[in-house]
Amino acid sequence: MNPDALTAVLDGQWAQLRREIRAQFAGYDLDEPYDLSTEEYRAWVLDRLRELAKSGWHRLGFSREYGGGGDIGGSVVSFEMLGYGDLSLMVKSGVQWGLFGGAIQLLGTAPHHERYLARIMDLDLLGCFAMTETGHGSDVQHLRTTATYDPATREFVIDTPDEQARKDYIGNAARHGQVAVVFAQLVTGGERRGVHAFVVPIRDETGAPMPGVEIGDDGRKAGLNGVDNGRLTFHSVRVPRDALLNRYGDVTEDGTYTSPIESDNRRFFTMLGTLIRGRISVAGGAIHATERALAIATRYAEKRRQFGRPGADGETVLLDYRVHQRKLLPAIARTYALHFAHEELTRALHDIQGTADAEERAQRELESRAAGIKAIATWHATRSIQMAREACGGAGYLSENLLPALKADTDVFTTFEGDNTVLLQLVAKGLLTSYRDHFADLSPLATARFVAEQFVGAVIERTAARKVIERLVDAAPGRDDDDVLFDRGWQVKLFEDREQHVLEGCARRLRRAAEADPFEVFNDAQDHVLRAAKVHVERIVLEAFVAAIDRCADQDARALLERVCDLYVLSNVEEDRAWFLEHGRLTSARAKAVVAAVNDLCAELRPHARLLVDGFAVPEPFLRPAILR
């Protein structure tokens, strides 16, 4: 089979754009740095960023009236495909055009767009996204930086009240950023109005810090050392009134606060919801980096030989060992599943943010799904890239073979754009009936109070594969049929049943908050909350895989994807056998049959391993580590 048939399914709605990007990558004479000093690496990345700007892909996510492409989904695709290459370049481009430029586009209004967007796209203005503080990361609502309005001068005064309020880990801040979008508590007339964003110059034309701005360097990191992360401290820095990005809240000249959204909580979460593109992009970048690592490890496993078969000449190829197949093939299957789920997520983002009157409920569901897929995809990247490194033995530990850099660079993905544990709590809250219409903050106490006051129940929602799934479930055999393990309807019902059971159990535990200490009840149930979110995401990932198979026109590719999907499902069940056994969903005999089925699927898919990773269509210049030459 030609891998192009698999690639066509993976590429989805933006297939043409992906082909164009691959064609440009194919001409790269690539020599990725792995032994540069920090400053040399930062300079290398900035040079490549300027080259990347010539391609025009970064313009896709910006409005056409300012020179952009007006293609939100395309902007995510073009960003995530940088995950095949140097990840410092990917992250720096995301900071410049996604976070910094995106914040001005999505939180600002026409005057901001006219003043900044063209310069941002052209790299005439390099910027930062200054949200995270030393003492506050995921808890954005309680940031400590302040922006106090002075009606006498019609200016905001930006202040860092203490070291914990210092902006930290800010990309582009240490060397190259000229301006920062600073998130701070807006204070006017002596009253706090919550977190808002402000455009604040941090360097003058010579590159020196602006008056009152203190800039520090975070220094060498475990990875992504081509990104100049830094610290920003503000000492009574004054910016004009129009520095406020005022789409959701504004201050008149006399200091009166106005907003189209009355509730401070609702305004805050609406504002954050517009910035969801970054979270979705990080998940996509992680998936593409995982594809690259698996492609390298699989190609190496096809050529590396170790030990001999008794009575036979020569040594055995690594990929012929079942234990090696078990390392690589389930990871490949899960990567296919996550790729399909992320493609579906990108389509939803494109449709919702591209519509002026998108439903609030749809936006909330998008935020929840983005949080869950980002968490699962980045954890999968960390696990799979480590496994790929081990699968290549000592060779995989050499920098020239790229896997150590992939491992180091993706490690932080689990905690930026939202810590994964916090994100899964957000997903679980979104699954509780009525939550979508209740803009609570993310703190355990607020959640506990909510569940103490409201009736909480479970809700199972269908994805884009709704009709296909319903047909499969209706045709599913009974639990005791011999061939049930490979029936797709039974598999979906198994995942649904697990999700509903876990979620309902979680809701019952949280209802005790009405009779006990709310915080302690929620704190004690956090393991259950996280599990509810995790099994929910695994179910929607499976449904995305089912939808991808359904739209596959090539019959040979479809048959192969059916088996890959079986491996995704059964390896997942194998990992969670304890739950299925404890809750009577599998007998001990059937649990053993699951293990045997995973082994059989690995054996069946072994001849197709190279085909499957070639289906990822990682550009060849990114697959040239020394071990494959």
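Residues numbered from 1 in each chain as written. Predicted model: local features only at pLDDT ≥ 70, side-chain atom pairs only at ≥ 80, totals over all residues. Heavy atoms only, no water.

Draft legend 1. Looking closely at the overall build of the protein chain. Within the protein chain, the secondary structure is distributed over 21 helices and 13 strands. Over its C-alpha atoms the protein chain spans a radius of gyration of 25 Å, differing by no more than 12% from the 25 Å that the globule rule assigns to 629 residues. Considering only C-alpha atoms, the protein chain reaches an extent of 90 × 65 × 40 Å along its principal axes. Counting the 629 residues in the protein chain, one finds 58% classified as buried. Contacts spanning at least 24 positions in sequence make up 75% of the contacts within the protein chain whose residues lie at least 6 apart. As displayed, the protein chain offers around 25,200 Å² of accessible surface, 48% of which is attributable to carbon and sulfur atoms. On the protein chain, the mean spot of the 77 positive side-chain charges and the mean spot of the 93 negative ones are 2 Å from each other. (Helix = DSSP H or I, 4+ residues; strand = E, 2+ residues; numbered from the N terminus. Rg over C-alpha atoms; globule rule 2.2 N^0.38 Å. Buried < 20%, exposed > 50% of the residue type's maximum accessible area, 1.4 Å probe, protein only. Contact = heavy atoms within 4.5 Å. Areas by Shrake-Rupley, 256 points an atom, 1.4 Å probe, with all protein chains shown as cover. Lys, Arg positive; Asp, Glu negative; His and termini not counted. Charge placed at Lys NZ, Arg CZ, Asp CG, Glu CD.)

Draft legend 2. Region of interest: the pattern of salt bridges. Within this structure, the stated rule accounts for 44 salt bridges. K92 is paired through a salt bridge with D228; the nearest N and O atoms lie 2.7 Å apart. With K92 in helix α5 (residues 87-107) and D228 in the loop between β7 (213-217) and β8 (230-234), this pair connects stretches of sequence that are 136 residues apart. What makes K92 buried here is its relative accessible area of 0%. With a closest N to O distance of 3.1 Å, K167 and E133 form a salt bridge. Here K167, found in strand β4 (residues 167-170), pairs with E133, found in the loop between β1 (127-130) and β2 (146-150); they are 34 residues apart in sequence, far enough to count as distant. Neither residue differs from the other here; K167 and E133 are each classed as buried. Each of D11, R18, R22, E80, E343 and R347 takes part in salt bridges that share partners, so that together they form one network. (Salt bridge = Lys/Arg side-chain N within 4 Å of Asp/Glu carboxyl O.)

Draft legend 3. Structural context of the nonpolar core. One finds I104, F183, Y336, F340, F545, L561 and Y568 to be the most contacted residues of the largest nonpolar core, which totals 174 residues. Those residues in contact with F545 that sit more than four places away from it in its chain are A333, Y336, A337, F340, L561, V564, C565 and Y568. In this structure, C128, Y149, V182 and F198 belong to the second largest nonpolar core, which totals 24 residues. (Core = buried A, V, L, I, M, F, W, Y, C linked by side-chain atoms within 4.5 Å.)

Draft legend 4. Structural view of the packing of helix α15 (residues 488-511) against helix α18 (residues 555-575). Between α15 and α18, the shortest axis-to-axis distance is 11 Å and the interhelical angle comes to 35°. The chirality of how α15 crosses α18 is left-handed. Contacts between α15 and α18 involve R488, Q491, L494, F495 and R498 from the first element and E562, C565, D566, Y568, V569, N572 and V573 from the second. Here the residues of the contact of α15 with α18 are counted per class, giving six nonpolar, two polar and four charged. (Axes fitted to C-alpha atoms, helices over the stretch in contact; angles between N-to-C directions. Left-handed = near helix turned anticlockwise from the far one by under 90°. Nonpolar A, V, L, I, M, F, W, Y, C, P; charged D, E, K, R; others polar.)

Draft legend 5. Fine view of the environment of W14. Mapped onto the elements, W14 comes out in the loop between α1 (4-11) and α2 (15-26). Considered as a pair, W14 and E343 are 329 residues apart in the sequence and their alpha carbons are 9.1 Å apart. In this structure W14 touches D71, G73, G74, V77, E343, T346, R347 and H350, once residues within four positions along its chain are discounted. Of note is the side chain of W14, whose polar atom sits 3.2 Å from the side chain of D71. (Polar contact = N/O pair within 3.5 Å; in protein donor to acceptor, adjacent residues only side chain to side chain.)

Draft legend 6. Quick peek at the pairing of β2. Summarising burial for β2: four of the five residues are buried, a large majority. Two strands pair when backbone bridges link them, and β2 and strand β3 (residues 155-159) are joined in this way by five bridges, in the antiparallel orientation. Counterpart to T148 in the pairing with β3 is V157. Counting the residues that bridge the hairpin from β2 to β3 gives four residues, and of these R154 lies at a positive phi of roughly 60°. Inspection of the sheet shows β2 paired to strand β5 (residues 179-188) by three bridges, in the parallel sense. Bridging from a neighbouring strand, T146 pairs with Q185 of β5. (Pairing = 2+ DSSP bridges.)

Draft legend 7. Quick look at the confidence of the model for the protein chain. Confidence in the prediction of the protein chain, expressed as mean pLDDT, is 90, and 92% of residues score 70 or more. Residue range residues 452-459 is modelled with pLDDT below 50. Its contacts to residues more than four positions away, or to other chains, number 20 contacts. (pLDDT = per-residue confidence, 0-100.)

Draft legend 8. Structural view of the packing of aromatic side chains. As enumerated under the stated definition, the model contains 13 aromatic pairs in all. Among the aromatic side chains, those forming a connected cluster through ring pairs are Y336, F340, F545 and F616. Directly above the ring of F495 sits R498, whose terminal nitrogen or CZ lies 4.7 Å from the centroid. (Phe/Tyr/Trp six-rings, centres within 6.5 Å; stacked < 30°, edge-to-face > 60°. Lys NZ or Arg CZ within 6 Å of the ring centre and 35° of its normal.)

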